[in-house]
Amino acid sequence: MRIEVRSYVPLPKQREFHESDAFLRLYQGGFGAGKTLAGVWEAIDVSMAYPQNFGVIARKTYRELEDSTKRTFFDVCPKELIAGFRARDDVVTFVNGSRIAFRCLDDPDKLRSMNLGWFYVDEASEIEDEDIPTMLVGRLRLDRVPWRGGWFTSNPATVEHWTYKWFVERAKEAPHRYKLVVASSYENPYLPREYIEALEQEYSPSWVRRYVRGEFGFIAKGTPVYENFDDKVHVVDELEYLRDRPVIRSWDFGFHHPAVLWSHVGPGGSLRVMLELMGTDVLISKFADEVLRVSAEKFPGATFID
């Protein structure tokens, strides 16, 4: 952090988030991981570090903004830093001339005329439309401050959400531009142990992964096809490739999302699924070329059964 505040002692993951200078950042975590707290303190920090700055704290709806994010801001912001607050336009002014506007994103057109030095979106998983964060990035044009950027805090979304595309897929190509910090509920020493134990007991494994460990993931709805499937039993980090057995390639044809699984039969007749590949809007001939390339790279010398 740029300013020293005695009332806020960041946890290790919060500190990692604050110390990043990436243009766009996502602090993602399980329940009780201090996401909103980190987000509003970053807003205070940037506002005080650069006089005459102007930024937006936003959330999807006005009710959520008022009940959670805005309330947290005024609970923790030192009163001596605030020069005034205009309720009619929801803008707080700091003693150094910096300002913060509180806005909901159910009508993002209201933000199109703003020139921002920064923005903060709380609970980014609620925002389904990728055009909204894209539009906010386009508002970062306040030229009187030396640093401009945006950050998000959120519970984990699915891998189909734009947060995954930005902070996992795009980050591989531009790590200096996108920063993802993941914090689990376990890392907050102030949470009661019985609270986390209750979550572990009541939640399914997929819910624990997302809302306790803070990981991206998919939560299935409805009745499962395989009711006895258990991540703890059926999923392992490292799966041995048995080179003396043929590799089965299971194909699902289609243009929008063709897919292939590589697997083979293990000891006792178990099916070992070792790798998957899914295409997006691709002709099957081109997709097949990619399957052949991956097959040769991952399973050299193998006999394949399609």
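Placed above this text is the structure.
None of the values given here were measured: they were computed from a predicted structure.

Q: What exactly am I supposed to notice about the pattern of salt bridges here?
A: Pairing is possible between side chains that carry opposite charge, provided their charged atoms lie close to one another. Considering all chains together, one arrives at 18 salt bridges under this definition. Between Glu 130 and Arg 170 there is a salt bridge, with its nearest N and O atoms 3.4 Å apart. With Glu 130 in the loop between strand 6 (118–122) and helix 4 (131–137) and Arg 170 in helix 5 (residues 162–173), this pair connects stretches of sequence that are 40 residues apart. With a shortest N-O distance of 2.7 Å, Asp 306 and Arg 249 are connected by a salt bridge. On the criterion of sequence distance, the pair formed by Asp 306 in the segment after strand 12 (304–305) and Arg 249 in strand 9 (residues 247–252) is long-range, its members being 57 residues apart.

Q: I'm lost on the pairing of strand 2 (residues 54–59) in this one. Help?
A: Within a regular beta strand, the side chains point alternately toward one face of the sheet and then the other, so they alternate between its two faces. Most of strand 2 is tucked away: six of the six residues are buried. Every second residue of strand 2 is oriented toward a common face, with Phe 54, Val 56 and Ala 58 on one face and Gly 55, Ile 57 and Arg 59 on the other, all of them buried. As paired strands, strand 2 and strand 5 (residues 99–104) are joined by six bridges and run parallel to one another. Bridging across to strand 5, Gly 55 finds its partner in Ile 100. Bridging between strand 2 and strand 6 involves four bridges; their strand directions are parallel. From the neighbouring strand, Ala 58 faces strand 6, where its bridge partner is Val 121.

Q: Is there a simple way to think about unusual backbone geometry in this case?
A: Only a minority of non-glycine residues have a phi that is not negative, and only a minority of peptide bonds are not trans. Here the phi dihedral of Glu 123 falls at roughly 50°; this positive angle occurs in a residue that is not glycine. With respect to the secondary-structure elements, Glu 123 resides in the loop between strand 6 and helix 4. The exposure class of Glu 123 is buried, given its relative accessible area of 9%.

Q: What is the right way to read the nonpolar core from this model?
A: Soluble globular proteins: nonpolar side chains tend toward being buried together. The biggest cluster of nonpolar side chains holds 58 residues, and the ones touching the most others in it are Ile 57, Phe 73, Phe 94, Ile 100, Trp 118, Phe 119 and Phe 152. Sort the elements by how many residues they give to this core and helix 2 (residues 35–49) lands first, with seven residues. Tyr 241, Val 260, Trp 262 and Ala 302 belong to the second largest nonpolar core, which has eleven residues in total.

Q: Can you help me understand the side chain of His 18 in this one?
A: Take His 18: it is sitting in helix 1 (residues 12–19). Its relative accessible area of 4% is what places His 18 among the buried residues. One polar contact links His 18 to Tyr 8, side chain to side chain, over a distance of 2.8 Å.

Q: In this structure, what is going on with the packing of helix 2 against helix 3 (residues 62–76)? I would like to understand it.
A: In a pair of packed helices, the angle between the axes and the distance between the axes together describe the arrangement. Relative to each other, helix 2 and helix 3 sit at 60°, their axes nearing to 9 Å. Regarding the angle of helix 2 to helix 3, the classification is oblique. Considering only the axes of helix 2 and helix 3, their crossing is right-handed. Taken together, the residues of helix 3 that come into contact with helix 2 (itself represented by Thr 36, Leu 37, Val 40, Trp 41 and Ile 44) are Thr 69, Thr 72, Phe 73 and Val 76. The class makeup of the residues in the contact of helix 2 with helix 3 is six nonpolar, three polar and no charged.

So, how was this worked out
Residues numbered from 1 in each chain as written. Predicted model: local features only at pLDDT ≥ 70, side-chain atom pairs only at ≥ 80, totals over all residues. Heavy atoms only, no water. Salt bridge = Lys/Arg side-chain N within 4 Å of Asp/Glu carboxyl O. Helix = DSSP H or I, 4+ residues; strand = E, 2+ residues; numbered from the N terminus. Buried < 20%, exposed > 50% of the residue type's maximum accessible area, 1.4 Å probe, protein only. Pairing = 2+ DSSP bridges. Core = buried A, V, L, I, M, F, W, Y, C linked by side-chain atoms within 4.5 Å. Polar contact = N/O pair within 3.5 Å; in protein donor to acceptor, adjacent residues only side chain to side chain. Axes fitted to C-alpha atoms, helices over the stretch in contact; angles between N-to-C directions. Parallel < 35°, antiparallel > 145°, perpendicular 65-115°, else oblique. Left-handed = near helix turned anticlockwise from the far one by under 90°. Contact = heavy atoms within 4.5 Å. Nonpolar A, V, L, I, M, F, W, Y, C, P; charged D, E, K, R; others polar.

As far as function goes, none of this settles anything; it's purely spatial.
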